[in-house]
Amino acid sequence: MNYSTRYREAQVLVSADGEVTTLEDRRFDWRERKEKTMRLGDLYDKAGYPDYAARARDCATFLQFNVYQSGERRLRTANFCKLRLCPMCIGRRARRSAWKLSQVLDQVEREHQAKFIFLTLTVENVPGEQLGNTLGQLAQAWQRFLDQRQIKRTVKGWFRAIEITRGDGIRKADKGYHPHIHAILAVDPDYFSRSSRQAGKYLNQADLIDRWQKALRVDYKPSVQIATTKGKRKGGGVESASLAAAKEASKYPIKDEEYIDPALPEDRAIEIIRDYTEALRRRRLTAFGGWMKDAARALDAEDLEDGDLVHTEEDVVRTDLLVMVEHYGWHFGAGDFILSNREINPLDVK
Ligand SMILES: [Zn+2]
């Protein structure tokens, strides 16, 4: 996976009047994210992870785009590092997750006329050395929550993502980390009806707090937020409720602002990177169940963490002619993506 950077630095496509072309893409902030991967590389080195440092620096140094007759451009190939903390890969995952999750919700809505409920389930903040264990406990508590009789009866499908944010403080002793679960529950179409309330299927907040407390096996009342998607439908420029909800739930579990932040003292940034790296080892943060799992499987959406980071949106229509493939390389000296090759009329590429 190591591309020679020296080789690519030498390859810069220069126009007749000596201009070099840099990458413009209003859909994705390539340059900004690439700069952050370089910063992450430095922090990884200082945190004692030289292999990760090298991978982060090498992430997305090489990009190819399909350019279509309509002017549409789509990423065709890239060398992503796929590290959990990589700001470039986090950006790609977030886009793919929002796209795939909205497809899943649309399908479940179509097939089952399902309604959706959004939950945020929290646990008390924990210090860095307990973060990994707490992530494991959250996943187990989620399973116990689902196994409760009333939940089982009401919830026909679900998606959950564990998100981690850090306390506001910049000193070690401050506020620790705040891992929590964002969940989307699919329920029957008559869930909001009077009969459903009478049948005791309806979940209210006080009840959910008790249930989550029981599932967590803690002696305090954990904070639980609940929201539903009523109203807002497609058309009239209003974003579909499911897409908006999917975006909310799929904000990637980790935000690079938590450690790539100029305002953060470097020793603190290094400490956060160590805590995250150790806590996240071999842990899956997202999962699907029931109707949502069936839909996710059918839509190649099951793996939101390690899935394809190249295709993160709907492809252009088949009839649109591919006219060109553009190659960009990250130019370490210039700190930008620079056009290195253009294949006009690439006959055999689809
Ligand atoms: Zn990456």
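Parameters at a glance
Residues numbered from 1 in each chain as written. Predicted model: local features only at pLDDT ≥ 70, side-chain atom pairs only at ≥ 80, totals over all residues. Heavy atoms only, no water. Axes fitted to C-alpha atoms, helices over the stretch in contact; angles between N-to-C directions. Helix = DSSP H or I, 4+ residues; strand = E, 2+ residues; numbered from the N terminus. Parallel < 35°, antiparallel > 145°, perpendicular 65-115°, else oblique. Contact = heavy atoms within 4.5 Å. Donors = N, O, S within 2.8 Å, 3.2 Å for Na, K, Ca; no water. Tetrahedral: all angles 85-135°; square planar, octahedral: opposite > 155°, others 65-115°. Buried < 20%, exposed > 50% of the residue type's maximum accessible area, 1.4 Å probe, protein only. Phe/Tyr/Trp six-rings, centres within 6.5 Å; stacked < 30°, edge-to-face > 60°. Pairing = 2+ DSSP bridges. pLDDT = per-residue confidence, 0-100. Expected span 1.5 Å × (residues − 1). Polar contact = N/O pair within 3.5 Å; in protein donor to acceptor, adjacent residues only side chain to side chain.

Between helix 2 (residues 30-47) and helix 3 (residues 50-58), the shortest axis-to-axis distance is 8 Å and the interhelical angle comes to 170°. If you check the angle between helix 2 and helix 3, you find them roughly antiparallel. Within the contact between the two elements, helix 2 uses Lys34, Thr37, Met38, Leu40, Gly41, Asp42, Tyr44 and Asp45 and helix 3 uses Pro50, Tyr52, Ala53, Ala56, Arg57 and Asp58.

As a further point, take the coordination of the zinc ion. Every protein donor of the zinc ion is listed here as Cys59 (SG), Cys81 (SG), Cys86 (SG) and Cys89 (SG), and their distances to the metal cover 2.2 to 2.3 Å. Coordination geometry of the zinc ion: the four donor atoms subtend angles of 101 to 115° at the metal centre, consistent with an arrangement described as tetrahedral. Along the chain, the residues donating to the zinc ion fall in the pattern C-x21-C-x4-C-x2-C. Here cysteine 86 lies in the loop between strand 2 (73-78) and helix 4 (87-112) and cysteine 59 lies in the loop between helix 3 and strand 1 (62-68), a separation of 27 residues in the sequence. Assessed through its relative accessible area of 0%, cysteine 86 is described here as buried.

We now examine the packing of aromatic side chains. One pass over the structure, following the stated rule, counts 18 aromatic pairs. Where tryptophan 30 meets phenylalanine 65, the ring centres are 5.9 Å apart and the plane angle is 90°; that geometry is what we call edge-to-face. Here the residue tryptophan 30 occupies a position in helix 2, and phenylalanine 65 occupies one in strand 1, the gap between them amounting to 35 residues. Take tryptophan 30 and phenylalanine 65: they sit in the same class, and that class is buried.

Our focus in this paragraph is the sheet that holds strand 1. Backbone hydrogen bonds hold the strands of a sheet together, and the pairing may be parallel or antiparallel. Overall, antiparallel pairing links the four strands, which are arranged 2-1-8-9 in an open sheet. If you trace the sheet from one side to the other, it starts and ends with strand 2 and strand 9 (336-344), each paired once. Neighbour-to-neighbour, the strand axes of the sheet open up by a mean angle of 30°, direction not taken into account. The sheet contact formed by strand 1 and strand 2 spans five bridges and is antiparallel. Note that in strand 2 the partner of valine 67 across the bridge is arginine 73.

The next point concerns unusual backbone geometry. The phi angle at lysine 82 is positive, at roughly 65°, despite the residue not being glycine. Notably, arginine 282 is not glycine yet its phi reads approximately 55°, a positive angle. For arginine 282, the location among the structural elements is in the loop between helix 10 (266-280) and strand 7 (286-289).

On average, residues of the chain score 86 in pLDDT, and 86% of them reach the 70 mark or higher. The weakest mean pLDDT in the chain belongs to helix 1 (residues 5-10) at 46; the strongest belongs to helix 3 at 98. Low pLDDT, under 50, characterises residues 1-10; the predicted model gives this stretch 16 contacts beyond four residues in sequence or across chains. Contacts of residues 231-238 to residues separated by more than four positions or lying in other chains number nine contacts, the stretch itself having pLDDT below 50.

Let us now look at helix 8 (residues 205-216). Taking 1.5 Å per residue, 12 residues should reach 16 Å; helix 8 reaches 16 Å between its end C-alpha atoms and fits that length. Its side-chain oxygen 3.1 Å from the backbone nitrogen of alanine 206, asparagine 204 forms the N-cap of helix 8. Looking one or two residues past helix 8, arginine 217 carries a phi angle of roughly 60°, positive in sign.

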